[in-house]
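Structure assessment
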Amino acid sequence: MLVTTFLMVPIMLLVWKSHWILVVTFLVLSLMVEFPYFIACINKVDEGGWVPLAVAITFFIIMYVWHFCTVKRYEFEMHSKVSMAWILGLGPSLGLVRVPGIGFVYTELASGVPHIFSHFITNLPAIHSVVVFVCVKYLPVYTVPVEERFVMKRIGPKNFHMFRCVTRYGYKDIHKKHDDFEKMLLDRLLIFVRLESMMDGYSDSEDFTMSEQKVERSANALLMSEKAGSNTLCSGSDLSYSSSHDSIVLAKSPLTGNNSLTRYSSQTYGDELEFLNSCKDAGVVHILGNTIVRARRDSGIIKRIVVDHLYAFLRKVCREHSVIFNVPHESLLNVGQIYYI
């Protein structure tokens, strides 16, 4: 309670811009209640007051160990991520055999290609024809609307068939068992490819605008057109695109001068859609990147116990993405590497 009170002071001063008299009043009134209670606990340590202190110290150690090792693991992945120049140098085949199918590579990086991917293609002779890097982020908001949950982006040229999907959740969003996470990813991938092809066809229009709103309108229009079996997607709308947030939405009608570009884009989209559907029918594999943190050999005994045993136990009892999103066991592939701190 004392720590919370003292942490509220900079929040009130720097964030809320409260008057200093209000801050002092809050601090004095809070300490009048909390400080005597704290002194009473200190004086009664040998008579049972040690219990809340021991519980507090235990939780503090657990949270500190988890935070320290998680930050170190994330820093390792950030500094060792693969550059796009290296990916482009491999060519469309990535220097491997591209087998039919779609591979969802789970990573904690929202940008760049994770090092676990280079580790994967270095030790295995083949990779799927379509690769989607899936990054699951939990935001400090109550909930994220379903229409804003998935942010798709293409990585590299189109013939590489590599994408990134950042999946965002709020701290109150619940993963329901009947939610088909794999189907939602595939649906968003197809919608993104279709919108991208439409954007390419209308990119020279003077009505091309930049926006980041109403993503659901475009997605719903595409889904309705698919259900109705219509060949024309949204005849009365064109596209607007936000490069900063990877959002594609609908706006006004395009100019008629882009008909040739539209026909070419539709043909290209049809080929890629057919390719994606064939890969989907071939099978989907979920590739989980697992960076194992270990203490260095010259580390002390305490650090070895904390990192090699306590943190490893915390990672083990935490649910993985495969459990949270109900990934079938037969479609799961774990790729691990060890990082020494």
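For the protein chain, the name recorded in an unreviewed UniProt entry is Potassium transporter 10, with Aegilops tauschii subsp. strangulata as its organism. Database annotation for the protein chain, UniProt heading Subcellular location (unreviewed entry): "Membrane". Quoted straight from UniProt, the Sequence similarities (unreviewed entry) entry for the protein chain says "Belongs to the HAK/KUP transporter (TC 2.A.72.3) family."

Bringing the nonpolar core into the picture now. Counting 26 residues, the largest nonpolar core has F104 and V132 as the members making the most contacts within it. When contributions to this core are tallied by element, the ones reaching two or more residues are β1 (97-107), β2 (126-138), β3 (150-155), β4 (162-169), α6 (181-202), α8 (259-282) and β7 (284-294). Of the residues forming this core, the biggest block, seven residues, is contributed by α6. Of all hydrophobic cores here, the second largest spans 18 residues; its members include L96, F117, I127 and I155.

Sites flagged by UniProt as "transmembrane region" (unreviewed entry) map to residues 20-39, 51-71, 83-106 and 126-144. This span, residues 126-144, is 0% helix and 68% strand, and a straight line between its end C-alpha atoms measures 36 Å.

Attention now moves to the environment of I121. As for its placement among the helices and strands, I121 is situated in helix α5 (residues 115-123). Between the C-alpha atoms of I121 and G95, which are 26 residues apart in sequence, the distance is 8.5 Å. The contact partners of I121, leaving out residues within four places of it in the chain, are W86, L90, L96 and I127.

A separate point is unusual backbone geometry. The residue K17 is not glycine, and still its phi comes out positive at about 60°. Even without a glycine there, the phi angle at H161 is positive, about 55°. Tracing the backbone shows H161 in the loop between β3 and β4. Residue classification places H161 among the buried residues on the basis of a relative accessible area of 17%.

Rules and cut-offs
- Residues numbered from 1 in each chain as written.
- Predicted model: local features only at pLDDT ≥ 70, side-chain atom pairs only at ≥ 80, totals over all residues.
- Heavy atoms only, no water.
- UniProt positions renumbered as here; feature names shortened; annotations may be inferred.
- Core = buried A, V, L, I, M, F, W, Y, C linked by side-chain atoms within 4.5 Å.
- Buried < 20%, exposed > 50% of the residue type's maximum accessible area, 1.4 Å probe, protein only.
- Helix = DSSP H or I, 4+ residues; strand = E, 2+ residues; numbered from the N terminus.
- Contact = heavy atoms within 4.5 Å.

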